[in-house]
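An overview of the molecular structure
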Amino acid sequence: MNTVASNFEIRSKASPNGEMAGELLEVSMGPQHPSTHGVFRMDVVLDGERVLKLKPVFGYLHRNHEKIGEGTTYLSSMPYTDRLDYFCSLTNNWAYALAVEKLAGLQVPERAEYIRVITAELTRLQNHTCLAGFLLQDMGASGTPLMYAFREREKILDLFEALTGARMMCNYMRFGGCRCDLPPGWLEQAKKVVAEFPRFLEEFEALLTENEILMSRTQGVGVVPRELAVNASLTGPMLRASGVNYDLRKVDKYGIYDRFPFRVPLGDHGDVYDRYMVRVLEMRESLKILEPAMRDIPAGPIVDAKAKLRGFRPKAGEAYGRIEAPKGELGFYLISDGSPNPYRYRVRPPSLINLTVLEDMCLGHYVADVVIILGSVDIVLGEVDR
Amino acid sequence: MLGEGIIKGMAATAKNFLGSYVQEERLTTVQYPEERLPQKEAARNFPFLVYDGNDWQKGLRCVACQICEKECPPKCIYIVKDAIKKPDYIGKLQLQPKVFDIDTSVCMSCQICVEVCPFDAIKMDVEFELSTDDRFAKLLLKKEDLAKPNKYYQRIHPSEAAEVDGRLAAEKAKAEAKAKADAEAKAKAAVASPKPPPASALKTPAIPSPAPALAK
């Protein structure tokens, strides 16, 4: 008798030697599931509680980002990049600005480079706090860690609002610099937030890092071996949790990252716990970048004098700009044919590419682990689907 | 010891809970709408049109050049030029918009219209409590809804407005000085030679002087 609703497909499993065998259950998780971090769907085939097969389904939030970018001017695409990974609009802006600057050969003034580093590292802080909060929320620690994370994030978003006018859709960077200078008193406020941040991190770690429940839920779950991580072209904390030392801030040294002493935290096992720890340690390293950057920031212009807003036509050519966004390598590939619009506009989103190993991570685990494995990938559907 | 981490975590939570009775800054929730945080000066929501003086139709700075309409990423601005010209703040005859609509349900508050405007005519508003059930009457803003006095702009963005006002005043002074010099030169020429001056000297430049709005 089949009493299950018709959208679940029930298949009987062959029992080889007459043992009691359950039926396989195909579950469509999402797109309205609260643990899928947006409109993301997984078709999961379950044997009891174990995952036998998993197929991610994308595209619910597809909004033609790349095609729109080819139809509008270079400047008009800048606010659209905010909407990719809406947690980290400032790093998205930077990656796009970097690609256009390469294309047009613009030089970024010293002060603007410092502002970019400061805003990008603040973005990294708030992204990683939120990720840790959401990950714990997925694990069942409902509320407390997420609210602590949001309390800290709020302080950083206040800084963004004072600087750019918007909390999340900042639209701040411009080709060859930044849109406006730091408002008076901003740097002091930012220094205060950064100085208080370690206190929050210690509290957060006391709450979580050695918690037995967290450890038993996450250790050995969702392992990505080193070879798989490299072959699947994972980037960001996902890759580093598997023990591969690859950080674009060290590899490319874009901007002025070669001036700051910071280390790249690496994981050992590539499981969910390592991915959590790598992010917590990365926050501490970000603080090490922020402190000297805010101390040494020079006065001066914030935008290249050659850059112009209207009638911007880079000469024909192509460019790829990439940065270490909080989620991984975020790249923009542009082809110019000399017109005001790019001929080709392509985004390399870290969330989407990190998501490709989801099935490998989930096979054999419980369905409850799928939720935290997905949480540890750190996806934002705005970027996955574009 | 098993359970040590949990006890440590509970202690952290208890500290936060009890601390909220002692330290004011641990109470982070703001009870909106009874309580409100002061708005940041850089805050932005939707654009509005600035006008000088008291009459919004006469003082509207917009010259219907349609640059913002072209540059707007989601194309939420719609402009129709008027056939009748009106003098701008330095007395030069300029075009004016017959229709200027902004569809705020399409606008994404990116501020690009403000940045590209060479006449400082469009600026960002900070009003955010705009929820309504009437999409066309309340969210499709017409010219008369958009026009707001320069005083309002000075109030919501004081330092930005001071910079704009200073720049416009300098331009006006420059234009007046130039007009005066031209008049003097013309008078001199008239004294030196009785025949009428060549037509080119009388012509006012057709292209408006570019504002240095983009140089910042």
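The preceding data block contains the structure.
Every chain is numbered independently, its residues counted from 1 as its sequence is written. To label them, take the chains in the order written and letter them from A, then take the ligands in the order written and number them from 1. Two thresholds apply to this predicted model, a pLDDT of at least 70 for residue-level local features and 80 or more for giving and counting side-chain atom pairs, whereas whole-chain, interface and lining totals are computed over all residues. Computation of side-chain values covers all heavy atoms of the structure but excludes hydrogens and water.

If you tally the helices and strands in chain A, you get 15 helices and nine strands. Here the radius of gyration uses the C-alpha set of atoms, whereas the globule reference equals 2.2 Å times the residue count to the power 0.38. Computed over C-alpha atoms, the radius of gyration of chain A comes to 22 Å, within 12% of the 21 Å expected from 2.2 N^0.38 for 386 residues, which places it in the range of a compact globule. In terms of overall dimensions, chain A has C-alpha extents of about 80 × 50 × 35 Å along its principal axes. Three labels apply to residues, based on accessible area from a 1.4 Å probe with only protein chains included: buried if under 20% of the type maximum, exposed if over 50%, partly exposed otherwise in between. Across the 386 residues in chain A, those meeting the buried criterion constitute 59%. Expressed as a percentage of contacts within chain A between residues at least 6 apart in sequence, the contacts between residues at least 24 apart total 70%. Per the convention used, a helix needs a DSSP run of H or I reaching at least four residues, while a strand needs a run of E reaching at least two, with both numbered from the N terminus. Contacts: residue pairs with any heavy atoms within 4.5 Å of one another.

The subject of this paragraph is the pattern of salt bridges. Within this document, salt bridges are pairs made up of a side-chain nitrogen of Lys or Arg and a carboxyl oxygen of Asp or Glu, the two lying within 4 Å of each other. Scanning the entire structure with this criterion turns up 40 salt bridges over all chains. When the shortest N-O distance is used, the salt bridge between A:Arg284 and A:Glu205 registers 2.8 Å. Residue A:Arg284 is located in helix H11 (residues 272-296), and its partner A:Glu205 is located in helix H6 (residues 186-208); the two are separated by 79 residues in the primary sequence. B:Arg61 is paired through a salt bridge with B:Asp52; the nearest N and O atoms lie 3.0 Å apart. Residue class for B:Asp52 comes out partly exposed when judged on its relative accessible area of 26%. Three or more residues joined by partner-sharing salt bridges are found here, namely A:Glu121, A:Arg124, A:Arg240, A:Asp247, A:Arg249, A:Glu282 and A:Glu324.

This next bit is on the sheet that holds strand S8 (residues 147-149) of chain B. Residues and elements named next belong to chain B. In this analysis, strands are considered paired if DSSP registers two or more bridges between them. Strand order in the open sheet formed by three strands is S6-S1-S8, and the pairing between neighbours is mixed. This sheet does not close on itself; its edge strands, each paired only once, are strand S6 (122-124) and S8. If you compare each strand with its neighbour and ignore which way they point, the axes differ by 50° on average. Where strand S1 (residues 47-51) and S8 come together, three bridges link them in parallel fashion. Bridge assignment links Leu-49 to a residue of S8, and that residue is Ala-147. Each axis is a line fitted through C-alpha atoms, and for a helix only the stretch in contact is used; angles between axes span 0 to 180 degrees, taken between their N-to-C directions.

Our next topic: the interface of chain B and chain A. If you look at the interface, chain B gives 31 residues, while chain A gives 33 residues. Taking both partners together, chain B and chain A bury about 2,700 Å²; carbon and sulfur atoms supply 52% of that area. Accessible surface is computed with a 1.4 Å probe, and the buried area is the amount of it that two parts give up when combined, taken over both parts together. By the criterion of area lost to chain A, the three top residues of chain B are B:Lys40, B:Arg44 and B:Met108, representing 20% of everything that side buries. At the junction of chain B with chain A, the criterion picks out one salt bridge. For the side of chain B that touches chain A, the secondary structure elements donating two or more residues are helix H1 (4-22), helix H3 (67-71) and helix H4 (112-116) of chain B. Tallying contributions element by element places H1(B) first for the side of chain B that touches chain A, with eight residues. Classification convention: Asp, Glu, Lys, Arg as charged; Ala, Val, Leu, Ile, Met, Phe, Trp, Tyr, Cys, Pro as nonpolar; all other residues, Gly among them, as polar. Among the residues forming the side of chain B that touches chain A, the class breakdown is 15 nonpolar, eight polar and eight charged.

Moving on, we get to the environment of A:Met361. Residues and elements named next belong to chain A. For Met-361, the position within the fold is in helix H13 (residues 358-362). Spatially, the C-alpha atom of Met-361 lies 42 Å from that of Ala-104, the residues being 257 residues apart in sequence. Once residues lying within four places of it in the same chain are set aside, the contact partners of Met-361 are Gly-222, Val-223, Val-224, Met-238, Arg-275, Ile-373 and Val-377.

All right, on to the nonpolar core then. Take the buried Ala, Val, Leu, Ile, Met, Phe, Trp, Tyr and Cys residues and link them wherever side-chain atoms come within 4.5 Å; each set so joined is a nonpolar core. A:Leu122, A:Phe175, A:Trp186, A:Tyr276 and A:Leu358 are the most contacted members of the largest nonpolar core, which totals 118 residues. Per-element tally for this core: the top contributor is helix H4 (residues 110-139) of chain A, with 12 residues. Ignoring any residue separated from it by four or fewer positions in sequence, one finds A:Leu358 in contact with A:Phe40, A:Met42, A:Leu54, A:Ile373, A:Leu374 and A:Val377. Among the nonpolar cores identified, the runner-up in size contains 25 residues, and B:Tyr51, B:Cys72, B:Ile122 and B:Ala147 belong to it.

Below, the discussion takes up the sheet that holds strand S9 (residues 342-348) of chain A. Strands pair in a sheet through their backbones, by hydrogen bonds, and they do so in one of two ways: parallel or antiparallel. Residues and elements named next belong to chain A. In spatial order, the strands read S7-S8-S9; together these three strands make up an open sheet with antiparallel pairing. The open sheet terminates on both sides in strands that have one partner only, identified here as strand S7 (317-325) and S9. For this sheet the average axis-to-axis angle between neighbouring strands, irrespective of direction, equals 10°. Sheet topology places S7 next to strand S8 (residues 328-336); nine bridges connect them, and they run antiparallel. Across the sheet, the residue bridging to Ala-319 is Leu-334, located in S8. In the packing of helix H2 (residues 74-82) onto the sheet, the strands contacted are S8 and S9, and the crossing angle to S8 comes to about 160°.

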